[in-house]
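Remarks on the overall topology
Residues per chain, in single letters:
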Amino acid sequence: MANHKSAIKRYKQNDKRRELNRDHRSRMRTFVKKFRTALETGDVEVARTALADSLKVIEQTKSRGVIHGNTASRLVSRLTLSFNKLNAAA
């Protein structure tokens, strides 16, 4: 544990930030998982709405600095590609 007052404050700030980051990352993963399950069912309309929700949450997570911009772009690209494959097959 930290000894200096400033180090104690920094410890508390880091702990709070870590919890918030974990919440945002978990929320993003939940939305992505909902989209992937919608893909597996093969319902295009449900997948379309789930994709829109997922992309919105990914963008929010990126803007908060929880994930890197390139990671967000890669995830968006892969999700969109998988939706386009489903849409073309339907």
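Presented here is an overview of the structure given in this document. The structure displayed is predicted, hence computed values, not measured ones. Residue numbers restart at each chain and count upward from 1, following the sequence in its written direction. Confidence filtering applies because this is a predicted model: local features only for residues at pLDDT of at least 70, side-chain atom pairs given and counted only at 80 or more, and all residues used for totals across whole chains, interfaces and linings. The basis for every side-chain value is the complete set of heavy atoms in the structure, and neither hydrogens nor water enter the calculation.

So, about the overall build of the protein chain. A run of H or I in DSSP counts as a helix once it spans at least four residues, and a run of E counts as a strand once it spans at least two, with each numbered from the N terminus. Looking only at helices and strands, one finds three helices and zero strands in the protein chain. When the helices and strands of the protein chain are read in sequence order from the N terminus, they spell out α-α-α. Only the C-alpha atoms count toward the radius of gyration. The rule for a globule is 2.2 Å times the residue count to the power 0.38. Whereas a compact globule of 90 residues would reach a radius of gyration of roughly 12 Å, the protein chain reaches 18 Å, over 25% beyond that. Taken along its principal axes, the extent of the C-alpha atoms in the protein chain is 65 × 20 × 15 Å. The buried label applies to any residue whose accessible area, calculated with a 1.4 Å probe on protein chains only, is under 20% of its type's maximum; exposed applies above 50%, and partly exposed to all values in between. Looking at the protein chain residue by residue over its 90 residues, the buried ones come to 24%. The contact criterion used throughout is that any non-hydrogen atoms of two residues lie within 4.5 Å. Residue pairs at least 24 apart in sequence account for 62% of intrachain contacts in the protein chain once pairs closer than 6 positions are excluded. Here the accessible surface of atoms and residues is derived via Shrake-Rupley with a 1.4 Å probe, and residues count as covered only by protein chains that are part of the display. Looking at the protein chain as shown, the accessible area adds up to about 6600 Å², and 51% of this sits on carbon and sulfur atoms.

By themselves, these are just geometric observations and shouldn't be taken as functional.
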